[in-house]
Every structure is written in structure tokens, then in C-alpha cells.
Amino acid sequence: MTTPPPGPSGAADASLTDGNRHQAAQGTPGASRHEPVGLRERLSLNRMGTFDRDLERGVAHLDPGALEVFDLRPDEYDGTPASLAARVPPDEGRRLDEALSQALEEGQPSYGAYFRIRCRDGTWRWTHAQGRILLDDRGAPYRIIGIVREATSELADSALLRSLQQERQRQTVMVQQTTAALARALSVRDVTRVLTGAGGARRFGADGLVLGLVENDRFEVIATAGLDGEVPEDMKNSRLDDTLPLADATRSRRPVFLSTRGELVARYPRLRPYAGLLPRGSAAFLPLIAQDAAVGALGLFNAEPAVQSPEARNLALALAGVVAQSVQRATLFDQEREIATGLQETMLPRRLPPLAGGAVTARYHPASIGRDVGGDWYDVIPLPQGRTGLVVGDVQGHDTHAAAVMGQLRIALRAYAGEGHSPETVLVRASRFLAELDTERFATCTYVQADLESGALHVARAGHLGPLIRNGSRHVDWPEVRGGLPLGLATAFGQDHFPETQLFLEPGSTLLLCTDGLVEQPGLDISAGLDALASAVRTGPTDLEALADALSDRLWDEPGSEDDMALLLLHRLPSAGGTAPPRLRLHVHQADPSGTAEVRSALRRTLDQWRAGGVLHNVEVVASELIANALTHTESGALVSVELLPGRPRRIRLEVEDRSSRWPRRRSPGETATSGRGLLLVEALADRWGAEPRGAGKALWCEFVVPDEPGGADRSDGPVGTDTAGGTGRPDGPDAGDRPGGSDGADGADGDRRG
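Residues numbered from 1 in each chain as written. Predicted model: local features only at pLDDT ≥ 70, side-chain atom pairs only at ≥ 80, totals over all residues. Heavy atoms only, no water.

On to the overall build of the chain, then. Along the chain, the regular secondary structure elements total 18 helices and 29 strands. Within the span of the chain, comprising 755 residues, buried residues form 47% of the whole. The long-range fraction of contacts in the chain, counting pairs at least 24 apart against all pairs at least 6 apart in sequence, stands at 64%. Of the accessible surface of the chain, which amounts to about 37100 Å², a share of 51% is contributed by carbon and sulfur atoms. (Helix = DSSP H or I, 4+ residues; strand = E, 2+ residues; numbered from the N terminus. Buried < 20%, exposed > 50% of the residue type's maximum accessible area, 1.4 Å probe, protein only. Contact = heavy atoms within 4.5 Å. Areas by Shrake-Rupley, 256 points an atom, 1.4 Å probe, with all protein chains shown as cover.)

Printed below as a string of C-alpha cells:
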């Protein structure tokens, strides 16, 4: 083989003598050393072609080399972009168009971009296009002349291809994360929380960010993250001019990309005194445009200087578009929420009336989801004869419709209560009112008619939580209060009946009413919330306002409940003689067959709190006997009171009061008698018992000595005295029926249990 002459550098062409070099394919144009090679052949040998694009006419000429790069025949291309669609997928075409659009927008003299085409055989080919933008005498672009070349061999298995793939994957993840985070943001506060929270700036590929919004034709910075210091006060609120980058981007609606802090300060000299607060690297200031309105701007900062690639710039602009849509949606949401909360505030009581002999306070928190408005409400209503009505309720839903229904229902219920109707009647009328509103919403409610002078509470509830009572000794109890269906549903189902329960609030005791937002947490059973509430009330402050704050903070604010919450506390002031002994009072209606069982259940809970031990069963049995006698032999119900008397030994006093003046009479039943053993049973189980006149009626009372040690004897043996009408007698004393005021025949308190 003849050795070619050395090139200009001698050794530079020595490799051409290597016997292992590949031979050029024969027949290829320009392969012969003697044949001249033209420009077109040179480009074709390097898989390269040229294009000439007329921007005004929207057509482009491709030479044969360019057609070969695009794998097109001359008859398949007519000069329009549409004829390239067979080879250039839409996503890749957008990549090329965005690179050109960005160059035109920024006044760049040229542009370039990598993109892929799908060849005739279905394989993918990497391609690179680079063009020079020509301007006319007015400086307007009118023509692009450039080259297009195959870049597969250049990028295949190369670090550049891997970096492009990694960069594309990173960008995809950034867009997904940012979009997902902002999709859950409802208010502007939520948007700023996403941007400034953990990883907020990194979602945009930046080390720090600043967010500002347009407010009354001025620019206001509302959030920052990743900066060394705070935004200076004179820059938090500024005019929409070109002296600051964010305001400039908002005013011009054009992004600003800068490579270093020096470039930033040079372009915006007003930042020079605060250059130390700015990262020294690159920065991007992106206008937030939604529905053709500039709502603000987003600034992104990096710690290292860099020239942003077209892909990085396009990603930043895309993310800014996502932020703009979120900000606009959040702004509209905040405006609607402000209207809704204002509406709700006008529907809730602005002040609570003063109470003689007691104090009342309330707390309300709107929902943290939806529009921060809901259907929970409370009310304190002055009633005739010095009584007070207390109501807590919850209309289904967390929106303006729920608030509107709540307002109408609250006014209606207040009107019914103010007329002096019983709690059951008030709820029946409220249920019918709600059913006639032609709304699909229902409501739960608890209504209490309180007489603080006597401590009597008349309670009715409609599918709602019952009241909780804490007495002066910090014993906490959930009294059993029967209820009906929620308001509206009860009428729709023809079951608008809300049985009334009578309770007593002793001096020094506190009544609590609340909605389920105070005790319900997502993923937890409501019983856990009820237990937590009882524990918080038991250990909470004595002061009513402090207790309301403690319950609200501990059970609603700290866990971050998503539901709205209403809380109402009523405290009966202690009597002048000091703290009253622990006491429970219950009322059993005349026509209530289940009342005795409810009293036994309440007694069992109360006596267990008092650690009554072995006498618990005795008190329960005696109470059942006396209640049964009162309901059977009188025309009224029974008022049951049980209290823990002070001193040693501890004693439990049980009283059952009725409105009959007929005195109890002990009998001597025969072996086959089916009644007449009531007082004998009382006498056998109680340590002391007796009867007292009570105005229009009488009360039978019993006392039980509580053993000091757990599991002690139920009662002491030996003769036991019996007090009657405050006196002391013996079991074999004179018949009570012979006393003044008594009457002949079977009396109202004599036992009639069988056996």
C-alpha cells in the first residue's frame, strides 16, 4: 500500500497508515481521492442537511440531505409543518417550537434543540436542529436558515443522552410533585404553605424562592423560603415598575433569567444594598398569569451560578403556570370563604345573656376543610319564669348552604323555645320546620331547659350527643338521655317524638354540651374521643372560661380536627353554705316503663364513682322498689335523689319523692300475697329509713353506711331505728297510714313487688 504524504502536522496523519483502519465504502460520492466533493455531498456524508424557513409565509424548504435526515421522500414533503407530522411526534415538535419561541421572545440571534423523529421502519432517531434568525430593517425576524443533522450516534450510550434522560425524569417528578401538592391547596395560605414548607423550593429545582401577588395595583411579597434573611420592609410592598425583578416580571409579563447575582444587581441596582441577602447563583423571575391576568410573580434562586438551558427555562415556566392557576383558584376561594364566614358570624350569638345564679360560655371553631364554614351552632335563650334554654346543634355539611340552613333553623328553634314550650315540643316543631324547608339536609340537636334556682334540667335530643355533667367534687358523668332521630329525618319518617329526660345540676356543678367535632378524629372510634373529653373535663380548670379554652385547645386545635365545633358550658354557682355534697337527681315519668332501668344504670355509674362497694346492690334494689311504688300508687312520676353525705362513716342517702300526700303504710302480707313487701324489703336492706312531707307530696328516704374497706359487709346487724317525718321510731312503730294527712286504702309508697 502506498503511504500518503504526511499532512501539515506530520504525525497528525500518521494514524492513516494504520493497517487496521476501516476502508471507505466504494461508490460513495466523494470516496475517490481524485473526485471533487461539493458542499451538499459533504453534508450528506455527515448525515446533515439544511433548511430555509420563511416566517411570514409559514413554509420551510428542506434540501435532499435534510429530507434524508427526516427519512422523507421529496413527494412526502410540501413545505408545511403538517407534512412533518408523520415523522415528528407532537411532544417533540413542541420541544422544537418552544426553543424557537423562547429565542424569538428573548431576541436571541440563534437557537438549537435536540428532538426525536420516528423513522419509516418505526425506529427512533435523535436529531439536532440549529438555526440562525435573520432580522429585517425594523429588527423583526422574518427568516431562519439552519442545519438539521442526525444525532443518534452522537447521543447513543453517551453521557449526554443519559443526562437528558435523567433530566427529563427529574423534570417529570418535579412537575408531578408540585402539581399534586398544589392540587390539595384550597386557600392562598395553603398555597404559600406548599411553597415554603419542607422541600417547597426543591420542587422547582431551586434553593430559595419568593412569591408575591398583585394587590390593588401594587406588588406585595407574601412568602419566602430558603433565603438568608427577611425581605426588607420597603420591598414587601412596592409599585408595579421595573426597579424590582418580581414587579418587573409581573408588569411586563415576561420572564427574566439571570446567571449570577452580579447580573441580577447590575440589572436591578435597587437591590445593591441587599445583595448579601441574595444567593450568589442564578435566578429566575416568572410572571404568574392566569386567564390572561397577571396575578403575581415567582422568584427562584440557586446557590451556584449557571446558564439555564432551554429545557430548564421551559420547566420553570410550566411550573409557574401551575402556581398561577393555584393562586387564582385560591384567591377566589378566599373571597367566597370570607363571604361565608361573615354570613355565619351574623347567625351565631354575638353575646350571651347574663344568668342569675350561674354562668355560661361558648366556643366555636369553623372547619379546617371546605370553606371554613359549617352547620354547627349554639344558642342561649332567655325563657319565661327565669329559666334558660341552651341548644347545641349541627346541620349536615360544610358549605354555605349548611350555614344558611343553620341560620334559619336556629331562629325558628329560638322562637319556639321563647314561647315557653317544653323541650320535646320545641324539637318536634323544629323538625317539622326543617322538613318544610325543602332541603336535603338534616340536623342533630340537643336542647336543655334549665332552671338554675332549683337546678332542674329538662333535656331532649335529636340524634345528637347528650350532655356531660361535672359536679363540685370533679366527678364526671354522661347521664342517659333518650333521644329521637335527627331533625328533618324524624318528620320524614313519621317519628318526630323526642322523649324528655329530667336531670339536676347541683350547686357548683357544670353542664357541657358540644358537637361531634370536639370528640371525633379521623380513623378513631368516637368512644375514644368521649373518654378523652371526660378526662379533660375532670382534670380541667375550675374557671369556666379557662375550662372552655383548655377543651378547645386540647381536643380540637392541637389534633387539627377537620370538622367544625361548637361548645357550650353552663355552671351553677355554689350555694352560700359552701360546696354541696356529691348528688345525683333523676326524674322518672309516670308513663315511662323504661325509666326505672335508666335510673338503676345511672345509680350504678354514680355509686361506682363514689366507691360504694358492697352497698351498691342494696341501694339499687331499694331504689327500684320505691320507684315502682311511686309509679304504681300515685298519679305522678318519681323524683330520685342520691347523695354522698360527709363525715365518718360515709353514708349514702337515697330519696324518692312523689306528689301524693298519702303516707306509706307497712303491711303484713301472708305467704301467698303478691304485694305488700316493699317496706319490709327497704327495712331489711337500709341502715335507716323514713318519710318526710315535701310541699304537695312526700319523700321516702333511706341511708346506707358505706364500708371503709373494699368488699366489706353490706350493713351492720342489730336493731336499726327508722326516722319518719324527721322523727325517730322503730320498725314496729305505729302505722304510717294513721298519721295526719294520711288516707285509707293502699298508699302510694307501699311495696307491691311479687315474691
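Further notes follow.
Turning our attention to the packing of aromatic side chains. What the rule picks out here adds up to two aromatic pairs. For the ring pair Phe285 and Phe301, a centre distance of 5.6 Å and an interplane angle of 80° mean the geometry is edge-to-face. Placement of Phe285 in strand E10 (residues 283-290) and of Phe301 in strand E11 (residues 293-301) is noted, with a sequence separation of 16 residues between them. On the basis of relative accessible area, Phe285 is assigned to the buried category, the value being 1%. Residue classification places Phe301 among the buried residues on the basis of a relative accessible area of 5%. Over the aromatic face of Trp124 sits the side chain of Arg116, whose NZ or CZ is 4.4 Å from the ring centroid. It is Arg116 that lies over the ring of Trp126; its NZ or CZ is 5.9 Å from the centre. (Phe/Tyr/Trp six-rings, centres within 6.5 Å; stacked < 30°, edge-to-face > 60°. Lys NZ or Arg CZ within 6 Å of the ring centre and 35° of its normal.)

Here we take up the packing of helix H11 (residues 400-418) against helix H12 (residues 423-435). Their axes nearest at 9 Å, the elements H11 and H12 cross at an angle of 145°. Helix-helix and strand crossings are classified by hand; for H11 and H12 the assignment is right-handed. From H11, Val405, Gln408, Leu409, Ala412, Leu413, Tyr416 and Ala417 reach across to H12, where they touch Val426, Leu427, Arg429, Ala430, Phe433 and Leu434. Residue composition of the contact of H11 with H12, grouped by class: 11 nonpolar, one polar and one charged. (Axes fitted to C-alpha atoms, helices over the stretch in contact; angles between N-to-C directions. Left-handed = near helix turned anticlockwise from the far one by under 90°. Nonpolar A, V, L, I, M, F, W, Y, C, P; charged D, E, K, R; others polar.)

It is worth spelling out the packing of helix H16 (residues 595-609) against helix H17 (residues 616-633) at this point. The contact between H16 and H17 brings their axes to 10 Å, and the two run at 150°. Compared by their axis directions, H16 and H17 come out roughly antiparallel. Between H16 and H17 lies a crossing whose hand is right-handed. Across the interface between the two elements, Thr596, Val599, Arg600, Leu603, Arg604, Leu607 and Asp608 of H16 pack against Leu616, Val619, Glu620, Ala623, Ser624, Ile627 and Leu631 of H17. Each residue belonging to the contact of H16 with H17 can be placed in one class, and the counts come to eight nonpolar, two polar and four charged. (Parallel < 35°, antiparallel > 145°, perpendicular 65-115°, else oblique.)

Within a beta sheet, neighbouring strands are joined by backbone hydrogen bonds and run either parallel or antiparallel to one another. Ordered by their spatial adjacency, five strands build an open sheet running E2-E1-E5-E4-E3, and the pairing between neighbours is antiparallel. Both edges of this open sheet fall to strand E2 (59-62) and strand E3 (110-118), since each of them pairs with a single strand only. Across the sheet, the mean angle separating the axes of adjacent strands is 25° when strand polarity is ignored. Of the strand pairs in this sheet, E3 and strand E4 (residues 124-135) are connected by nine bridges, and their pairing is antiparallel. Bridging from a neighbouring strand, Ala113 pairs with Ala129 of E4. With respect to the sheet, helix H3 (residues 90-106) is in contact with strand E1 (48-54), E3, E4 and strand E5 (141-150), its orientation differing from that of E3 by roughly 175°. (Pairing = 2+ DSSP bridges.)

Take the pattern of salt bridges next. Evaluated as defined, the whole model comprises 34 salt bridges. Salt-bridge contacts for Asp52 lead to Arg143; the nearest nitrogen and oxygen are separated by 2.3 Å. Placement of Asp52 in strand E1 and of Arg143 in strand E5 is noted, with a sequence separation of 91 residues between them. One salt bridge in this structure joins Arg653 and Glu692, with 3.3 Å as the shortest N-O distance. Remark: Glu692 occurs in strand E26 (residues 688-694) and Arg653 occurs in strand E25 (residues 651-658); sequence separation between them is 39 residues. Take Arg653: its relative accessible area is 12%, and that puts it in the buried class. Sharing partners across several salt bridges, the network here consists of Arg651, Arg653, Glu655, Arg688, Glu692 and Glu703. (Salt bridge = Lys/Arg side-chain N within 4 Å of Asp/Glu carboxyl O.)

Inside soluble globular proteins, nonpolar side chains tend to come together where they are buried. Ranked by internal contacts, the top residues of the largest apolar core, which has 86 residues, are Leu413, Leu487 and Ile652. In contact with Leu413, not counting residues within four places along its chain, are Trp377, Ile381, Val391, Val426, Leu427, Ala430, Cys445 and Tyr447. (Core = buried A, V, L, I, M, F, W, Y, C linked by side-chain atoms within 4.5 Å.)

A few words now on helix H14 (residues 526-539). For an α-helix the count is 3.6 residues per turn, leaving residues at separations of three or four pointing the same way. An ideal rise of 1.5 Å per residue puts 20 Å on 14 residues; H14 measures up with 20 Å between its terminal C-alpha atoms. Every buried residue of H14 is accounted for by Gly529, Leu533, Ala534, Ala536 and Val537. Down the axis of H14, the buried set is contained in an arc of 165°. They therefore lie on one face. Summarising the geometry of H14, the exposed residues directed more than 90 degrees from the buried face are Asp531 and Thr539. (Expected span 1.5 Å × (residues − 1). Arc of directions from axis to C-beta.)

Let us look at the confidence of the model for the chain. Summary statistics for the chain give a mean pLDDT of 80 and a share of 81% for residues scoring 70 or more. Element-level mean pLDDT values for the chain span from 34 in strand E29 (residues 727-729) up to 95 in strand E21 (residues 510-514). Confidence drops under pLDDT 50 across residues 1-30; counting only partners more than four residues distant or on other chains, this segment forms 14 contacts. (pLDDT = per-residue confidence, 0-100.)

Judged by pairing direction, the sheet is antiparallel, and its six strands sit side by side in the order E8-E7-E6-E11-E10-E9 without closing on themselves. One side of each edge strand has no neighbouring strand; the edge strands of this open sheet are strand E8 (237-239) and strand E9 (256-258). Adjacent strand axes in the sheet meet at a mean angle of 25° when their direction is disregarded. Relative to strand E7 (residues 218-225), strand E6 (residues 208-215) is paired through seven bridges, and the arrangement is antiparallel. Residue Leu211 lies in a different strand from E7, and its bridge partner there is Ala223. With respect to the sheet, helix H6 (residues 188-196) is in contact with E6 and E7, its orientation differing from that of E7 by roughly 45°.

Right, let's talk about unusual backbone geometry for a bit. Omega for the peptide link from Arg648 to Pro649 comes to -5°, which places this bond in the cis form. Here Pro649 is to be found in the loop between strand E24 (638-645) and E25. Of note, the phi angle at Asn216 is positive, near 55°, even though the residue is not glycine. The topology assignment puts Asn216 in the loop between E6 and E7. Owing to a relative accessible area of 67%, Asn216 belongs among the exposed residues under this scheme.

Our focus in this paragraph is the environment of Arg600. Take Arg600: it is sitting in helix H16. Given a relative accessible area of 28%, Arg600 falls into the partly exposed group. For the pair Arg600 and Ser624, spaced 24 residues apart in the sequence, the C-alpha separation amounts to 7.2 Å. Apart from residues no more than four positions distant in its own chain, Arg600 is found in contact with Glu620 and Ser624.

Right, let's get into the pairing of strand E23 (residues 583-588). Residue alternation in E23 divides its side chains into a buried set, Leu584, Leu586 and Val588, and an unburied set, Arg583, Arg585 and His587. Note that strand E20 (residues 501-504) and E23 share two bridges and pair antiparallel. Along E23, the bridge assignment pairs Leu503 with Leu586. In terms of strand pairing, E23 meets E24 through six bridges, oriented antiparallel.

The next thing to look at is the side chain of Thr388. Positionally, Thr388 belongs in strand E14 (residues 388-395). With a relative accessible area of 8%, Thr388 lands in the buried category. Here Thr388 is in contact with Leu355, Val380, Ile381, Leu383, Val448, Gln449 and Ala450, once residues within four sequence places are set aside.

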